[in-house]
Every structure is written in structure tokens, then in C-alpha cells.
Amino acid sequence: MGAALRSLAVGGLLGALVLAVTLDRRPAHADHYPCHVPNYGFGFDTYEYEDYVGVYNEMIDLVSAGVAVPPPYQLPSGEWIDLSYPGLETGPRGARQPRDRSATVPPSLYKAMVWIESGWAHAAGSVPYGGVGPVITAIDCGYGLGQITTGMGHLASPPALDIRVPSARQAIIGTHPLFNLAEGIRIFADKWNSAPELRPVAGTGDPAALEDWYYAVWSYNGFAFVNHPQDPRKNPLRGETWHCNDPNAPGFGSFGWGDYTYQEKVYGCLRYPPVPKGQSYPPPLSGGSPNQPPASSGLAVGDTAVVRVDGQCLNVRPTPGGNPPITCLPEGTLVTIIGGPQEVNGVTWWQVSAGQVSGWSAGQYLVKVQQPAPDAPVNPAGRMWPPQVVTMPSLAVPAVAAAFAPAAYDACARTAAECAAMDFPTTVPELGITTHRDTAAPVSASRAAAYLGAPQLQVIGERAVTLQVTASSSTAASITVRNTGSGIGPFRVRTSAAWLIVRHPSDPPGRVVDGGVAIGKDLPVVVSTSPRATQAGADSVLEIRIDPSTLPPNATSGTVLIEPLLGNLQPVTITVTVQRSGSASGPPQFPFKRILPNVTAEGSP
């Protein structure tokens, strides 16, 4: 889109804010509320690939093409695991065609979305890349790479077996990254397919057009007004998309995460893909760059500059050349030029501001950050996926401005029958506006086998154990789940009663294991990061305990079920006999294990 068109868009947005602030706004509601007190999410373990860039790129390519996971299959418990790709409807409102599995999701678009959701991490921050540990879980109980909330709650649909036991489907989504991404694609496809009955249609409803996914992207995060481009709480000067933390992208250093809608963040990372964690961004293909050789020429008051001092730090002084220095800014610090220049002792000095610090620094160590126009080519070097060209909706187009009128949103939010007013064109030939295709290369369906593996789980330990329980503690029985096959071996842990607890010996108080993984010897597992050490595969070592605070007076036995979810599917049952010593009462050790009255009975069906 040309500069004149962008200028018109900003003007249209400013004018529309007057209307937006006068409308009654209902509170923003997420699509799903998966967590219900007193539960705080399931305890899932997972494996985080060390080559997360290469592996998750290919996994997303596979799930986007609908060829990643097996067809629906049934467990011995009678439950089904079905994460198969549903296909996509195509066409505009009034000429919508039925779902077609050959119509697929643009993989680069979902890569950007996963980056926004989880930063391409499936495990919690305490787990190193290449390690095994708890899955990353958000405060709203979004799990893993795709931050899956739909269907993942304790009372969700498809439901957990009861308020404390995950379904097999929930467990495999929480433990296995490939299945997690496959479920994310299913949800994304569902958002696309919800139009035109429940959502507006962008463009002609062509799933190959990146721009036509606008409303599906919006809906993935919740079709709330907080993601409306005319939300008056958003800065109207923020630009078309988020910079995705690329220091060479428009808006960097001026606008932050909260200034953009969800779809502007996703499309921004589609346009300016991130680099692997700890790496530097490439310079722009044209114009200046913070990676240029040091030179202060071209600096002016109001510019953003970056400190370039060959790994050292740059002094900030109270006056040009004055002592003692106020502070020393490290390599790569972004500063704003607020005064100068002044020549002192042959050195050009600029007054700079960085956070709460301001003072004077030598210009030879400051490099101007020159940001390209939003439609300028993006340097692909070193990025996690190829940059994609995309055109954002322009309020300079009357049909787009009408679709994004806040009143049109309010009508659609009230009743889906009125969503047609939000339909907008993504191709306007007379203005040079057109759609774009994902340039990602096709993936071979045969590559899915590399990530599914052939897990064969073996449960090592006694099948009948006796645990001593007192008023405040119990003894423990140890079991080990080993994968004698290959790949990630996911499993579910199911107990017959709330007073039976399964956990790792090293787990913090209160954590239980509802689902875990045993890693085959074909996969390296990082067991130490300093110094780095790996081993071939990893067992899941568990212990069974009794929670005295929830043990009924008449309880004498229970069972623990270890159920493989992939590969060999034969479950193993461990019978637990209770042997009491004193009164089994005391303060709750596992408060989240309480059972809600009249919601479910103690024990699993």
C-alpha cells in the first residue's frame, strides 16, 4: 500500500474514534473459560525439542497440510483420540462451498500465531530446550505451543473424565507437541469455518489468500472489541502491524505489545518473522541499519539510535565531555536523540535518553535506526521462517471503513445474522490492493513419521503395593515408565480416588502428574545446561502417595492406571492397599484436589 493510502488510513481511523468512544462497550469475553475453582490446570509433562526452529517449522507445515497425526483411534478404555484435520469451507457469503480437506491453512500464518501464543515453546520456562518437564501453561489454562484452551478445561467439552481426570484427548494435547499443534490447526480451521454463519467474511473466502484469514485470526484470540482496529484504547499512530521486536521494522522503539490488536501482532510477525532466541536481526535490504559501521552522520533530534561500541559500553556524561560519567550503556542499547549536536574537543556529542537516564554521548558510537516503509522488502536472512508480503485492511477504502465501523461490530456481536455488514474486500484493483499467497514450500506427508515415532511403553514396578498412612503423611511406591521404542511416548495417569496422588519425587508440593512422556533412545535429552550434558532418551520416574487430608475413614484400597496414548495402547493397573497408622486427618496437602459438591463423585468412571 502506498504512502498516500497509509496516510488516508490514519486519518480515517482518527475520525472514527469519535464514534467509537460513544458506543456502549460490553466487557471483552474470551471464547472459553476452561478453569473452574478449585482446579488450576492439569499436571502434564512434555518434551521440548532442542532444535525447536527446525522441528516446529516442519511440524507446523505438517499440521497445516492436515497430514501430521494418525486417523481417529480408540483406546482400550473406549475413548477416542481424534485430532484429524477437518478441512475448510471456501467461497464468499452466499456461495460458500462445503469443507474440503485439500483446502489447507497457510503454514506461515500459523507459525506467526504460535510465536505470538507461546514464543515457540511447548515446555515451561524452567525446562531447557532438549529437556523434559512441565508443559507451558498460561493463567487461563492454555497449554503448550498453541496455547490450547478449547476443550481443555475440567468441565470442558469434550469433557474431562471428571473434574480431576483429563480425557485421553486432553492428555495427548498437553503432552505431545505434534498433537498440540494439530489441535491448534483444528481450532483455527473451526474459526475459519464459523463464517458466514457466526462471523464476517474477509475477501472472497479464499483460504489460499493470507488476507482472507483476518477474521479467523481475530477469532482465535476471541472475537472481542479489544481486537477491533478502531478500539479507542489503541494508539491510532501505531501503524499497520506490530514490529515483532524487529529493531528495523516500523514502530519499533515507539510502540509496544499493548498498542496492537491480536491480528496486527500475528500479521506483523508474518511480515517481520523473529530470529531464533539469542540471535541478531539482519539489516534492512535498503536504507540504514543499526548494524552499519559506526557513524553519527544523519542523526537528528527525535531519531532512535543504537549503541555500537564493539562489545563495550558507551559513557553517558552530564555535559559534552563532562566528568564523571552518569552511567555506561551496553552494546545494543536503543536511545532517543533529545538534543545536540555540540562539538567539544573534536568530538560530536549528542544528548540522549534511555529509560530514566539522560545525558551526553559521543556520536561516533551511535548509529541511527532507519526503519523501512511498511511495504518495503524484508531481509529474510536468519529468520525463523520466510517473510511474507501481506496487505492490511485500509480504512481509505470505503467498503473497509464501513465494515470496521464500531456500530457494525456491535451489531455482529449481538447477533450473527447481522455480521454481513462487517464483510470487506481484500482485493481492490483500482487502488492496487491485492491478496498474497504463502511462499512456504510444500511438505512431504511422510515426514510425520519422524515425529510420531513408534513408542512402546513399559511400566516398571510392583502391580500391587501397600502404603502406610498417618495423620499427615504416607509412604510412597515407585514406578518407572520407559519407552523401549522411539520418539515421544505420551501416557495418562488415572487414579480411582482423589486421595491417591501420583507425582515425581522431585516435584514441588502440590504438583501432581496427570499425563507424562517417556522418551525413546533415538531422541537426545538435555539433562544439564551448564555444562551441557545429554543422554539418550528419558524415563518418567513416578511415585504413588496417599493424601491423608482427603482419605475417607472407610477407604481401604484404590487403583492407579497408567495408559499409553500412542503406540502400544495396553494400560497397566496398580492396586494400592491402605495401611493406617493413627488418625488420617490433617490440613489439606493438595487443595486443588477437592471435589465440587453435586458436580462429580469421587473417583473416575
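Residues numbered from 1 in each chain as written. Predicted model: local features only at pLDDT ≥ 70, side-chain atom pairs only at ≥ 80, totals over all residues. Heavy atoms only, no water.

A.B. asks: Teacher, can you tell me more about the pairing of strand E12 (residues 357–362) here?
C.D. replies: Regular strands have side chains that alternate between both faces of the sheet. Strand direction decides the pairing type here: strand E11 (residues 347–354) and E12, joined by six bridges, are antiparallel. Note that in E12 the partner of Ala 354 across the bridge is Val 357. Taken together, E11 and the strand that follows it, E12, pair antiparallel across an intervening segment of two residues, in which Gly 355 is found at a positive phi of about 65 degrees. (Pairing = 2+ DSSP bridges. Helix = DSSP H or I, 4+ residues; strand = E, 2+ residues; numbered from the N terminus.)

A.B. asks: How do you make sense of empty space enclosed by the protein when you look at a structure like this?
C.D. replies: If you roll a probe as big as a water molecule over the atoms, it shows you where there is empty space left. The final tally for this structure, using the stated rule, is six cavities of 30 Å³ or more. The computed volume of the largest cavity comes to approximately 110 Å³. Across the lining of the largest cavity, the residue classes break down as 11 nonpolar, three polar and one charged. (1 Å grid on protein atoms, 1.4 Å probe; cavity = no way out; pocket = protein on both sides within 12 Å on 5 of 7 lines; lining within 4 Å. Points joined across faces, edges and corners; volume = space filled by probe spheres on them. Nonpolar A, V, L, I, M, F, W, Y, C, P; charged D, E, K, R; others polar.)

A.B. asks: Sorry if this is basic, but what is going on with the environment of Ser 280 here?
C.D. replies: One can find Ser 280 in the loop between helix H7 (262–271) and strand E7 (304–307). Look at Ser 280 and you get exposed, because its relative accessible area is 64%. (Buried < 20%, exposed > 50% of the residue type's maximum accessible area, 1.4 Å probe, protein only.)

A.B. asks: Can you walk me through the packing of helix H4 (residues 168–175) against helix H5 (residues 177–193) in this structure?
C.D. replies: A pair of packed helices can be characterised by two numbers: the angle between their axes and the separation between those axes. At a minimum axis separation of 5 Å, H4 and H5 run at an interaxial angle of 110 degrees. One element, H4, and the other, H5, form an angle in the roughly perpendicular class. Listed contacts from H5 to Arg 169, Ile 172, Ile 173 and Thr 175 of H4 are Pro 177, Phe 179, Asn 180, Glu 183 and Arg 186. Here the residues of the contact of H4 with H5 are counted per class, giving four nonpolar, two polar and three charged. (Axes fitted to C-alpha atoms, helices over the stretch in contact; angles between N-to-C directions. Parallel < 35°, antiparallel > 145°, perpendicular 65-115°, else oblique. Contact = heavy atoms within 4.5 Å.)

A.B. asks: When you look at the pattern of salt bridges in this model, what are you seeing that I'm missing?
C.D. replies: Should their charged atoms come close, side chains of opposite charge can pair. On inspection of all chains with the given rule, the structure shows 21 salt bridges. In this structure, the salt-bridge partner of Arg 492 is Glu 79, at a minimum N-O distance of 2.5 Å. You can see Arg 492 sitting in strand E17 (residues 488–495) and its partner Glu 79 sitting in the loop between strand E2 (73–74) and strand E3 (80–81), a full 413 residues away along the chain. Judged on exposure class, the residue Arg 492 and its partner Glu 79 are both buried. One salt-bridge network, held together by shared partners, links Glu 79, Arg 492, Arg 494 and Glu 563. (Salt bridge = Lys/Arg side-chain N within 4 Å of Asp/Glu carboxyl O.)

A.B. asks: Help me out: how do you make sense of the sheet that holds E11 in this one?
C.D. replies: Where strands meet in a sheet, backbone hydrogen bonds hold them as pairs that are either parallel or antiparallel. With respect to topology, five strands assemble into an open sheet ordered E12-E11-E10-E7-E13, the strand pairing being antiparallel. Both edges of this open sheet fall to E12 and strand E13 (366–368), since each of them pairs with a single strand only. Across the sheet, the mean angle separating the axes of adjacent strands is 45 degrees when strand polarity is ignored. Bridge count for strand E10 (residues 334–344) against E11 is six bridges, and the pairing is antiparallel. In the strand pairing of E11, Ile 337 is matched with Val 352.

A.B. asks: Mind showing me how you'd approach unusual backbone geometry here?
C.D. replies: Among all residues except glycine, the phi angle is most often negative; among peptide bonds, the trans geometry is most common. The omega torsion of the bond from Asn 323 to Pro 324 falls at -5 degrees, within 30 degrees of zero and hence cis. By the element assignment, Pro 324 lies in the loop between strand E8 (313–316) and strand E9 (327–330). Omega for the bond connecting Gly 340 with Pro 341 falls within 30 degrees of zero, at 5 degrees, which places this linkage in the cis form. Take Pro 341: it is sitting in strand E10. For Trp 120, which is not glycine, the phi torsion reads 55 degrees and is therefore positive. Relative to the helices and strands, Trp 120 resides in the loop between helix H3 (107–118) and strand E6 (132–134). Under the relative-accessibility criterion, Trp 120 is labelled buried at 0%. For Cys 141, which is not a glycine, the phi torsion comes out positive at approximately 65 degrees. Structurally, Cys 141 is set in the loop between E6 and H4.

In short, shape yes, function no, at least from these values alone.
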